[in-house]
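Fold and geometry: a report
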Amino acid sequence: VSAPATARSVAELRARVRAWRAERLTIGFVPTMGALHAGHLALMRQARARCDRVMASIFVNPTQFAPHEDLSRYPRDEAGDLAKLAGAGVHLAYLPTVAEMYPEGASTWVEVAGLSQGLCAERRPHHFRGVATVVTMLLNQAQADLAVFGEKDYQQLQIIKRLARDLAIPTLIEGGATVREPDGLAMSSRNLLLTPEHRALAPMLNRVLRETAAALADGALAAPLLDAAVERLMGRGFRLVDYVELRDAETLAPLATAAYRPGRLLAAAHLGSVRLIDNVAVGDAAAA
Ligand code: PAF
């Protein structure tokens, strides 16, 4: 497998995209922060199945990390990532520098009101502003027909769908199903940071979500089941549970039961210094 071509500036990226467009080829795009795993590669294959050419970006976006968060220890492995992109049939890797993405004096933010409140924003108040801003830039830079984002970051996916619609970005946004380890743990670059002991406990997050989703599926009241889920996680050794919540699958409005609207059960919890997130569909077996 040949290594993908690389572009490190917007100009290089656009030159490549222009050439493909001149050949009337369709273009798929998968933005990432690198440390690629099977979950990312599934998104690349999804884009590959739908488009003639696929590009992936690797950019660890500083504006979506708070000063105390894990930006400096976020895993980075450019050579390894490029080999994986080659294996996944990706045609172009876009590897912009921080200076390219945030030119001197950059002062524009994209904020998606409503969807960016609650859930992960409770503990990471400026996180989604950073995500929405960088994704808007990446989509404008790439001008792809389709962009694919993982459902593991469910709140992020809904925010990106909304900003693309609201800002008339002419790229179709598609979600890709979460890829899991055999024991159910959602694949994440942060799993690399877990101690062996915490890695063994981590699948409990998904197990508790699945069991809670099953109990919610027949329309039961959510509040006691969500409290019980938090208690189970704490009892099993999670240091802190940020939330376990039932939300409307599309608007993310809180739901008291999943009886009337398709729901999504979402959670974030800490094992040691690593914060894990996961989510599952409720009352819609096809989307689980
Ligand atoms: O999900 C991610 O890896 C990042 O949040 C994204 C969408 C690439 C923006 O930096």
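Bear in mind the structure is a predicted one, so any value in this text is a computation, not a measurement.

Quantified by volume, the second largest pocket comes out at close to 270 Å³. Forming the walls of the second largest pocket are 17 residues, and the residues nearest its centre are Ile58, Phe59, Val60, Arg76 and Glu78. Classifying every residue of the lining of the second largest pocket by side-chain character gives ten nonpolar, two polar and five charged.

So, about the packing of helix α1 (residues 10–22) against helix α6 (residues 127–142). Closest axis-to-axis distance for the α1/α6 pair is 9 Å, and the angle between their directions is 45°. As far as their axial angle goes, α6 and α1 are oblique. For the pair formed by α1 and α6, the contact residues are Val10, Leu13, Arg14 and Val17 on the first element and Asn140, Gln141 and Ala142 on the second. Residues belonging to the contact of α1 with α6 are distributed by class as follows: four nonpolar, two polar and one charged.

The next subject is the pattern of salt bridges. Under the definition given, this model contains 13 salt bridges. A salt bridge links Asp278 to Arg180; the shortest N-O distance between them is 2.9 Å. Highlighted residues: Asp278 in strand β9 (residues 274–282) and Arg180 in the loop between β6 (172–176) and α8 (196–201), separated in sequence by 98 residues. Take Arg180: its relative accessible area is 26%, and that puts it in the partly exposed class. Salt-bridge contacts for Arg275 lead to Asp242; the nearest nitrogen and oxygen are separated by 2.8 Å.

Calculation rules
- Residues numbered from 1 in each chain as written.
- Predicted model: local features only at pLDDT ≥ 70, side-chain atom pairs only at ≥ 80, totals over all residues.
- Heavy atoms only, no water.
- 1 Å grid on protein atoms, 1.4 Å probe; cavity = no way out; pocket = protein on both sides within 12 Å on 5 of 7 lines; lining within 4 Å.
- Points joined across faces, edges and corners; volume = space filled by probe spheres on them.
- Nonpolar A, V, L, I, M, F, W, Y, C, P; charged D, E, K, R; others polar.
- Axes fitted to C-alpha atoms, helices over the stretch in contact; angles between N-to-C directions.
- Helix = DSSP H or I, 4+ residues; strand = E, 2+ residues; numbered from the N terminus.
- Parallel < 35°, antiparallel > 145°, perpendicular 65-115°, else oblique.
- Contact = heavy atoms within 4.5 Å.
- Salt bridge = Lys/Arg side-chain N within 4 Å of Asp/Glu carboxyl O.
- Buried < 20%, exposed > 50% of the residue type's maximum accessible area, 1.4 Å probe, protein only.

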